[in-house]
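# A look at the structure
Given next are the chains, with one letter for each unit.
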Amino acid sequence: MDVGLLFDLRNPAQWQRPWADHYARTLEFCEEADLRGAGGVWFTEHHLFEDGYLPQPLTFAAAAAARTKRVRIGTAVVLPALRKPAQLAEEAALVDLISGGRLELGLGAGYRLPEYQLFDTDFSRRFARTGNTIAEIQRLWATGGITPGPIQDPVPLWGGFYGPRGARLAGRLGIGFLHISHQLFPVYREGLIEGGHDPESARVSDLLPILLADDPEAAWARVAPHLAHQMNSYRQLSVQGTDAPVPPALELDQLRQRPEDGSFGLLEILTPEQAAARIYERVAGLPVRHLIFWASIAGMPDDLVTRHIELVSEQLPPLLDKQFQLAGGPISARNGHG
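What you see is a predicted model, and the numbers here were worked out from it, not measured in a lab.

### Quick look at the overall build of the protein chain
Looking only at helices and strands, the protein chain has 10 helices and 10 strands in total. Whereas a compact globule of 338 residues would reach a radius of gyration of roughly 20 Å, the protein chain reaches 19 Å, a difference of no more than 12%. Over its C-alpha atoms, taken along the principal directions, the protein chain stretches across nearly 55 × 50 × 40 Å. When the 338 residues of the protein chain are sorted by exposure, 55% land in the buried category. Here the analysis covers contacts within the protein chain between residues at least 6 apart in sequence; of these, 73% occur between residues at least 24 apart. Counting every atom, the protein chain has about 14,300 Å² of accessible surface; 51% of that belongs to carbon and sulfur. Here the protein chain carries 31 positive and 40 negative side-chain charges, and the mean point of each set is 4 Å from the other.

Given below as structure tokens:
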């Protein structure tokens, strides 16, 4: 079980730095994660966000691959329905080649109508197009349909879906499920069986809304405005282009509310010890391969980002190992040097 960090490259106006500097600094954070022993650096995709949310994760992944040595290079997620299968197969293969075989390709259907309109793609058929594109990428790689092909055979593929339809689709395609959910895991396994895949090959990963800090209370005061920007932009843009009303903005005192069912809140700022216990509570019993954490929350201060990377990469893995060993669990946490 690797621990990794997700970068979305948001650069909000109220904390904005020059774009070239922002991209350069993020690559430095990727190098820092690699040197500290993180298991992965991951990149995600959105379009038409005013704060510059990363639109082309594989382009940035190629740059990160060239600047790092050991860390896995992941996407969580790329939207295959917005691309031609051959284009995506070629771009992903190049990242795998540049990285020396370190790519983890996460793929999802997306949920925003304006993004599909931007690429002149039918939003109503996004799940069908996503599944067909993933299957075609698998075929192109397996048959030499694009050249050069990736180093890994096969490249680890992940389906980033949050409902039963997507869970079943990931299983049928024989790929990993990029969502930690005890409720949906059986549906994913059923999909594996339906697709003719060994259900014991099931593997899950996910982005966890946890930030590590030495003093969580002090960090909350500094991170809260950035989290408010992140959450409110998601809420407002999720209904863009639809008839649904714009959700009211979250107030700062609402950001720390934890659901009654014990699931993760919007963001939990914890010490490494607290995080290890919290993570075990939520993932025990699932075949987890990667735990992914936000590297930064919407342009939060660099010193918090740097310390978070240090704690995730160096202090959290042994604590997770201890937590699972004490509980007799089968999962072992490791960093990228394990």
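Next comes the rest of the account.
### Quick look at the UniProt feature "domain: Luciferase-like" (unreviewed entry) in the protein chain
With numbering matched to this structure, UniProt assigns "domain: Luciferase-like" (unreviewed entry) to residues 10-283. Measuring from the first to the last C-alpha atom of residues 10-283 gives 28 Å, for a span that is 45% helix and 12% strand.

### Notes on the pairing of strand β10 (residues 288-294)
Counting buried residues along β10, 6 of its 7 residues qualify, which places the element largely inside the surrounding structure. As paired strands, strand β7 (residues 204-208) and β10 are joined by 5 bridges and run parallel to one another. Along β10, the bridge assignment pairs leucine 208 with phenylalanine 293.

### Some details on the packing of helix α2 (residues 57-67) against helix α3 (residues 85-99)
Axis separation between α2 and α3 bottoms out at 8 Å; the angle between their running directions is 15°. Comparing their axes, α3 and α2 come out roughly parallel. The handedness of the crossing between α2 and α3 is left-handed. Across the interface between the two elements, Leu58, Ala61, Ala62, Ala65 and Ala66 of α2 pack against Leu88, Glu91, Ala92, Val95, Ile98 and Ser99 of α3. Grouping the amino acids of the contact of α2 with α3 by side-chain chemistry returns 9 nonpolar, 1 polar and 1 charged.

### Quick word on the pattern of salt bridges
Where charged atoms from two side chains of opposite charge approach closely, those side chains can pair. This structure, assessed with the given rule, holds 24 salt bridges. With a shortest N-O distance of 3.0 Å, glutamate 31 and arginine 67 are connected by a salt bridge. Highlighted residues: glutamate 31 in helix α1 (residues 19-36) and arginine 67 in helix α2, separated in sequence by 36 residues. Residues glutamate 115 and arginine 112 are paired through a salt bridge, measuring 3.2 Å at the closest nitrogen-oxygen approach.

### Observations concerning the packing of aromatic side chains
As enumerated under the stated definition, the model contains 12 aromatic pairs in all. Counting every residue linked through ring pairs, the aromatic cluster contains Phe7, Trp19, Tyr23, Phe43 and Phe60. One residue, arginine 126, lies across the ring of phenylalanine 123, its end atom 4.0 Å from the ring centre.

### Things to note about the layout of surface pockets
Each pocket or cavity is described by its volume, and for the largest pocket that value is around 1,400 Å³. Tyr162, His179, Asp206, Leu207 and Pro209 are the residues nearest the centre of the largest pocket, which is lined by 46 residues in total. Residue assignment for the lining of the largest pocket shows that the elements contributing at least two residues are β3 (72-78), β7 and α8 (216-237). The dominant element in the lining of the largest pocket, judged by the number of residues it contributes, is α8, at 5 residues. Residue composition of the lining of the largest pocket, grouped by class: 24 nonpolar, 17 polar and 5 charged. Here the second largest pocket is characterised by a volume of approximately 270 Å³. Taken together, 20 residues make up the lining of the second largest pocket; nearest its centre are Arg10, His22, Thr26, Ser296 and Gly299. If you list the elements that add at least two residues to the lining of the second largest pocket, you get β1 (2-7), α1 and α10 (302-327). Sort the elements by how many residues they give to the lining of the second largest pocket and α1 lands first, with 4 residues.

### Notes on helix α5 (residues 126-143)
With 18 residues, α5 extends 26 Å between its outermost C-alpha atoms, agreeing within 8% with the 26 Å of an ideal straight helix rising 1.5 Å per residue. Taken together, the buried positions of α5 are occupied by Arg126, Thr130, Gly131, Thr133, Ile134, Ile137, Leu140 and Trp141. Of the surrounding elements, those touching the buried residues of α5 are α3, β4 (103-107), α4 (113-118), β5 (157-159) and α6 (164-173).

What counts and how
- Residues numbered from 1 in each chain as written.
- Predicted model: local features only at pLDDT ≥ 70, side-chain atom pairs only at ≥ 80, totals over all residues.
- Heavy atoms only, no water.
- Helix = DSSP H or I, 4+ residues; strand = E, 2+ residues; numbered from the N terminus.
- Rg over C-alpha atoms; globule rule 2.2 N^0.38 Å.
- Buried < 20%, exposed > 50% of the residue type's maximum accessible area, 1.4 Å probe, protein only.
- Contact = heavy atoms within 4.5 Å.
- Areas by Shrake-Rupley, 256 points an atom, 1.4 Å probe, with all protein chains shown as cover.
- Lys, Arg positive; Asp, Glu negative; His and termini not counted.
- Charge placed at Lys NZ, Arg CZ, Asp CG, Glu CD.
- UniProt positions renumbered as here; feature names shortened; annotations may be inferred.
- Pairing = 2+ DSSP bridges.
- Axes fitted to C-alpha atoms, helices over the stretch in contact; angles between N-to-C directions.
- Parallel < 35°, antiparallel > 145°, perpendicular 65-115°, else oblique.
- Left-handed = near helix turned anticlockwise from the far one by under 90°.
- Nonpolar A, V, L, I, M, F, W, Y, C, P; charged D, E, K, R; others polar.
- Salt bridge = Lys/Arg side-chain N within 4 Å of Asp/Glu carboxyl O.
- Phe/Tyr/Trp six-rings, centres within 6.5 Å; stacked < 30°, edge-to-face > 60°.
- Lys NZ or Arg CZ within 6 Å of the ring centre and 35° of its normal.
- 1 Å grid on protein atoms, 1.4 Å probe; cavity = no way out; pocket = protein on both sides within 12 Å on 5 of 7 lines; lining within 4 Å.
- Points joined across faces, edges and corners; volume = space filled by probe spheres on them.
- Expected span 1.5 Å × (residues − 1).

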